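Inside the fold
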Amino acid sequence: AATSEWLAADFAAGKGSIAATAAADDATFMDTIRRFRRRQLVRIAWRDLASLTDVETVLRELTLLADVCIAAASGYATRSLRERHGVPRGQDGSELGLMVLGMGKLGGGELNFSSDVDLVFLYPDGAQVQAGTVEAETYYQRLAQLLIRLLDQRTDDGFAYRVDTRLRPFGASG
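In this report, we go over the structure that sits alongside the text. Note that the structure is predicted; figures quoted are calculated from it, not measured. (Residues numbered from 1 in each chain as written. Predicted model: local features only at pLDDT ≥ 70, side-chain atom pairs only at ≥ 80, totals over all residues. Heavy atoms only, no water.)

A look at the packing of helix 3 (residues 55–85) against helix 5 (residues 136–152)
The N-to-C vectors of helix 3 and helix 5 enclose an angle of 135°; their axes lie 9 Å apart at closest approach. In terms of orientation, helix 3 and helix 5 fall into the oblique class. Crossing handedness for the pair helix 3 and helix 5: right-handed. Residues Cys69, Ile70, Ala73, Ser74, Tyr76, Ala77, Thr78, Ser80, Leu81, Arg82 and His85 of helix 3 form the contact with helix 5, whose own contacting residues are Tyr139, Arg142, Leu143, Leu146, Leu147, Leu150 and Leu151. (Axes fitted to C-alpha atoms, helices over the stretch in contact; angles between N-to-C directions. Helix = DSSP H or I, 4+ residues; strand = E, 2+ residues; numbered from the N terminus. Parallel < 35°, antiparallel > 145°, perpendicular 65-115°, else oblique. Left-handed = near helix turned anticlockwise from the far one by under 90°. Contact = heavy atoms within 4.5 Å.)

Okay, here's the thing in structure tokens:
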């Protein structure tokens, strides 16, 4: 069974290490993350169809795959914005990043092959971005928008994940 460390290492060992750098452009990153996801989906599906694993393992690996892809997209988006706007910092000078929470099937570790990912973005109050750039709230909004676009935008290779940010306590009815 795959672990998040193994998946992250596999992404980094391939073109992921190049695409994840700030020098890569958005299109290169999106191409790389989609190809990585597709390769991993084939591996997971083959193991499932060949009855080499159980359903719980398949769901766990699909969830881990989404976690690794979201973390890679978050890291890339952070590095991209850092170049333009600096890094949000707290009063003590520490970096204050964006927290990405997986909800629904992703948060419950039950993602399946056709699931979208339900995400909630949280950022700290009181962050300061370097003078002369955007306000901290705008920075975090742009960061979340870029992360969503990296995963959700359709390219020639499709999308990595459909991203849903509409938090509804009672599903489609709430």
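Back to the text.
Brief notes about the nonpolar core
General note: in soluble globular proteins, nonpolar side chains tend to be found buried as a group. Grouped together as the largest cluster of nonpolar side chains are 44 residues, with contacts concentrated most on Phe29, Leu65, Val117, Leu150, Leu151 and Tyr161. Breaking this core down by element, the ones donating at least two residues are helix 1 (4–19), helix 2 (26–49), helix 3, strand 2 (117–122) and helix 5. A total of 13 residues in this core trace back to one element, the largest contributor, which is helix 3. (Core = buried A, V, L, I, M, F, W, Y, C linked by side-chain atoms within 4.5 Å. Buried < 20%, exposed > 50% of the residue type's maximum accessible area, 1.4 Å probe, protein only.)

Here we look at the sheet that holds strand 1 (residues 99–103)
Across the sheet, which stays open at both edges, the three strands sit in the order 1-2-3 with mixed pairing between neighbours. Strand pairing shows two members of the sheet lacking a second neighbour, strand 1 and strand 3 (163–164), which therefore form its edges. With two bridges connecting them, strand 2 and strand 3 associate as parallel partners. From the neighbouring strand, Val117 faces strand 3, where its bridge partner is Val163. Strand contacts of helix 5: strand 1, strand 2 and strand 3, with the helix running at about 165° to strand 2, the strand carrying the most contacts. (Pairing = 2+ DSSP bridges.)

Description of empty space enclosed by the protein
By the definition in use, this model includes one cavity of 30 Å³ or more. Of the volumes computed, that of the largest cavity is approximately 40 Å³. Of all the elements in the fold, those that place two or more residues in the lining of the largest cavity are helix 2 and helix 3. Looking at side-chain class alone, the lining of the largest cavity contains six nonpolar, one polar and one charged residues. (1 Å grid on protein atoms, 1.4 Å probe; cavity = no way out; pocket = protein on both sides within 12 Å on 5 of 7 lines; lining within 4 Å. Points joined across faces, edges and corners; volume = space filled by probe spheres on them. Nonpolar A, V, L, I, M, F, W, Y, C, P; charged D, E, K, R; others polar.)

Notes on unusual backbone geometry
Unlike most non-glycine residues, Ser51 shows phi in positive territory, near 55°. Residue position: Ser51 is located in the loop between helix 2 and helix 3.

Here's the deal with a nonpolar patch on the surface
Among the surface-exposed residues, Met99, Leu101, Met103, Leu122 and Leu167 lie close enough to one another that they form a single nonpolar patch of about 430 Å² accessible area. In terms of residue count, strand 1 provides more of the nonpolar patch than any other element does, three residues in total. (Patch = residues over 30% accessible without salt bridge, like charges linked within 9 Å, V, L, I, M, F, W, Y side chains within 5 Å. Areas by Shrake-Rupley, 256 points an atom, 1.4 Å probe, with all protein chains shown as cover. Salt bridge = Lys/Arg side-chain N within 4 Å of Asp/Glu carboxyl O.)

Focus on the packing of helix 2 against helix 3
Packing of helix 2 against helix 3 leaves a shortest axis separation of 10 Å and a crossing angle of 170°. Judged by the angle between their axes, helix 2 and helix 3 are roughly antiparallel. In contact with Asp26, Phe29, Ile33, Phe36, Arg37, Gln40, Leu41, Arg43, Ile44, Arg47 and Asp48 of helix 2, helix 3 contributes Val58, Glu61, Leu62, Leu65, Val68, Cys69, Ala72, Ala73, Tyr76 and Ser80. Of the residues contributing to the contact of helix 2 with helix 3, the split by class is 13 nonpolar, two polar and six charged.

Observations concerning the environment of Ala77
Positionally, Ala77 belongs in helix 3. Along the sequence, Ala77 and Leu143 sit 66 residues apart, while their C-alpha atoms lie 6.2 Å from each other. Those residues in contact with Ala77 that lie beyond four places of it in its chain are Leu143, Leu146, Leu147 and Leu150.

Here we look at the pattern of salt bridges
If you walk through the whole model with that rule in mind, you get nine salt bridges. With its nearest N and O atoms 3.2 Å apart, the salt bridge here joins Glu95 to Arg82. Of this pair, Glu95 sits in the loop between helix 3 and strand 1 while Arg82 is found in helix 3, placing the two residues 13 residues apart along the sequence. Judged by relative accessible area, Arg82 falls into the partly exposed class, the value being 33%. Of the charged contacts in the structure, one is a salt bridge between Arg166 and Asp164, with a shortest N-O distance of 3.0 Å. The class for Arg166 is exposed, based on a relative accessible area of 57%. For Asp164, a relative accessible area of 6% corresponds to the buried category. If you follow the salt bridges from partner to partner, you end up with Asp31, Arg35, Arg38 and Asp157 in one network.

Everything listed is a geometric property; what it means functionally is a separate question.
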